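Report on the structure
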Amino acid sequence: MKSKELNVKYVEWQTPEELHETSLDWVSELKFIKDEQHFLDELIKNYTMQLISEKTFEESKEIVNELSQKRKVIEPLLKKIINHHNKLTVLVDDVDQPKEEKQYKEDHRLLLKEISKYFNTYKEVKRKVFEFIKTIIKQGKQKRLLN
């Protein structure tokens, strides 16, 4: 499932309040993803034996690696957003700084692209984890029915 290319031209017309809200939403979403990753880790631990079986080892290894990569990116991304958010004062300090204001909005636009890409790829990895675990659960139920 490919996501559409994000149109970020509208950032130029956003108010400082809207930019502030967007940054807060990103931080909130990333914190939620961190919690969600703990849940996914526990889910994977609960099905470790099935995940390391010969039939599923390679696929499960790939999915667990993808999830691990997403986990490594989240802290630096959170710090980047918080730093960006702290620089919002450039837009609200009543000092006319056209270059700095333009740079802030450009940084916001680039960050919007980066965040959107992260969210989309994370959702894809999460979907893979759930699909894989669902398959393992179904196989376990089939084995119990046959015995």
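The model shown is predicted, which means the values in this text are computed figures rather than measured ones. All residue numbers refer to position in the chain's written sequence, counted from 1. It should be noted that, the model being predicted, local features are given only for residues of pLDDT at least 70 and side-chain atom pairs only at 80 or more, the latter also being counted only at that level, while totals for whole chains, interfaces and linings use all residues. To get the side-chain values, take all heavy atoms of the structure and skip hydrogens and water.

Once that is clear, we can look at the overall build of the protein. Counting its regular elements, the protein contains 5 helices and 0 strands. Think of it this way: any DSSP run of H or I at least four residues long counts as a helix, any run of E at least two long counts as a strand, and we number them from the N terminus. For the protein, the sequential pattern of α-helices and β-strands runs α-α-α-α-α. Note on classification: 1.4 Å probe, protein chains only; a residue is buried when its accessible area is under 20% of the maximum for its type, exposed when over 50%, partly exposed between these limits. Here the protein holds 147 residues, and the buried ones make up 33% of them. Working rule for contacts: check all heavy atoms of both residues, and any pair within 4.5 Å makes them a contact. For the protein, contacts bridging at least 24 residues in sequence account for 84% of all contacts bridging at least 6. What sets the accessible areas is the Shrake-Rupley method with a 1.4 Å probe; for residues, cover comes only from the shown protein chains. Of the roughly 10,600 Å² of accessible surface on the protein, 54% is carried by carbon and sulfur atoms.

The next point concerns a nonpolar patch on the surface. Among the surface-exposed residues, Met49, Ile52 and Phe57 lie close enough to one another that they form a single nonpolar patch of about 320 Å² accessible area. The residue methionine 49 is located in helix H2 (residues 48-51) in this model. Residue classification places methionine 49 among the exposed residues on the basis of a relative accessible area of 64%. Patch building starts from residues that exceed 30% relative accessible area and form no salt bridge, then joins like charges within 9 Å and nonpolar side chains (Val, Leu, Ile, Met, Phe, Trp, Tyr) within 5 Å. Put simply, a salt bridge is a Lys or Arg side-chain nitrogen that is within 4 Å of an Asp or Glu carboxyl oxygen.

With that settled, consider the pattern of salt bridges. This model, assessed by the stated rule, comprises 9 salt bridges. Two residues, glutamate 124 and arginine 127, come together in a salt bridge whose shortest N-O distance is 2.5 Å. Here glutamate 124 and its partner arginine 127 are both found in helix H5 (residues 98-146), 3 residues apart, which amounts to about one turn of the helix. Of the residues examined, arginine 127 reaches a relative accessible area of 40% and is grouped as partly exposed. The salt bridge partner of glutamate 131 is lysine 134, with a shortest N-O separation of 3.6 Å. Taken together, the positions of glutamate 131 and lysine 134, both in helix H5 and 3 residues apart, correspond to about one turn of that helix.

Before going further, it helps to examine the environment of threonine 48. As for its placement among the helices and strands, threonine 48 is situated in helix H2. For threonine 48 and serine 60, which are 12 residues apart along the polypeptide, the C-alpha to C-alpha distance reads 9.5 Å.

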